[in-house]
Amino acid sequence: MKKAVESIQDIVLPAVVFLAVVSILIGASLLGRIGKRMESQREDFSQMSDSQTIQDLCGREAPIIQCIGKKRWDIGEIISVAEIFAAADAEGNKLDVTVLDITDQDGASAMEFFQKNSGQAVFLRRGVYTFSLAAMDGQRKKGMGRFSVLVDGK
């Protein structure tokens, strides 16, 4: 009886594996054929008006941020972000500048020197401070810039 069971196992196990492999291959080829039959014609949306509007907005130039003030400051001197940095959109309209972060020369955050409500920074230590700035236009296009200023005690 034991030999009969072992003989059946030697035949059945390879047969099951063979049938599984064959069914996977047949299923893959059938699914490929079914998928080809289900392909539909594509619509061309590029001529629609809203598609053109989106394309114009995506092609719009990002706002440009510039440093228009001096880049060397004394320790304790008030630095007004609105006075030394300016941003303009693609049409030249003035935009508000937002301070994202201020880092010192070591890369550590120096946001404790910045007063968000007044938009001013007062640095109490010498060093080079880098402002990370952003400006957003009316179409929500965002421009970013990084500018360094020197704070010296001379």
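Residues numbered from 1 in each chain as written. Predicted model: local features only at pLDDT ≥ 70, side-chain atom pairs only at ≥ 80, totals over all residues. Heavy atoms only, no water.

**Description of the overall build of the chain**
Part 1 of the argument: Scanning the chain from N- to C-terminus turns up 3 helices and 10 strands.
Part 2 of the argument: When its helices and strands are written in sequence order, the chain yields α-α-β-β-β-α-β-β-β-β-β-β-β.
Part 3 of the argument: For a compact globule of 154 residues, the expected C-alpha radius of gyration is about 15 Å, and the chain comes in at 33 Å, more than 25% above that figure.
Part 4 of the argument: Counting only C-alpha atoms and orienting by the principal axes, one finds that the chain spans roughly 100 × 55 × 20 Å.
Part 5 of the argument: The 154 residues of the chain split such that 25% are buried. (Helix = DSSP H or I, 4+ residues; strand = E, 2+ residues; numbered from the N terminus. Rg over C-alpha atoms; globule rule 2.2 N^0.38 Å. Buried < 20%, exposed > 50% of the residue type's maximum accessible area, 1.4 Å probe, protein only.)

**Regarding the pattern of salt bridges**
Part 1 of the argument: Considering all chains together, one arrives at 6 salt bridges under this definition.
Part 2 of the argument: Between D137 and R60 there is a salt bridge; the shortest N-O distance is 2.7 Å. Residue D137 is located in the loop between strand 9 (127–136) and strand 10 (142–152), and its partner R60 is located in the loop between helix 2 (49–58) and strand 1 (64–67); the two are separated by 77 residues in the primary sequence.
Part 3 of the argument: Judged by relative accessible area, which is 4%, D137 ranks as buried.
Part 4 of the argument: Classification of R60 as buried rests on a relative accessible area of 15%.
Part 5 of the argument: By sharing partners, the salt bridges in this structure join R60, D89, E91 and D137 into a single network. (Salt bridge = Lys/Arg side-chain N within 4 Å of Asp/Glu carboxyl O.)

**Focus on the environment of I11**
Part 1 of the argument: When you line up the elements, I11 lands in helix 1 (residues 2–38).
Part 2 of the argument: In this structure the C-alpha to C-alpha distance between I11 and G32, which are 21 residues apart in sequence, comes to 32 Å.

**Some words on the packing of aromatic side chains**
Part 1 of the argument: Tallied over the entire structure, the rule returns 6 aromatic pairs.
Part 2 of the argument: A ring pair is formed by F85 and F147, whose centres lie 5.4 Å apart and whose planes are at 40°; its orientation type is tilted. You can see F85 sitting in strand 4 (residues 85–88) and its partner F147 sitting in strand 10, a full 62 residues away along the chain. Across the pair, exposure class does not vary: F85 and F147 are buried alike.
Part 3 of the argument: Seen from their ring centres, F123 and F131 are 6.1 Å apart, and the 85° between their planes marks the pair as edge-to-face. By the burial criterion, F123 is buried, and F131 matches it.
Part 4 of the argument: Among the aromatic residues, ring-to-ring pairing joins F85, F113, F123, Y129, F131 and F147 into one connected group.
Part 5 of the argument: Here K70 stacks its cationic end above the ring of W73, 4.6 Å away from the centre of that ring. (Phe/Tyr/Trp six-rings, centres within 6.5 Å; stacked < 30°, edge-to-face > 60°. Lys NZ or Arg CZ within 6 Å of the ring centre and 35° of its normal.)

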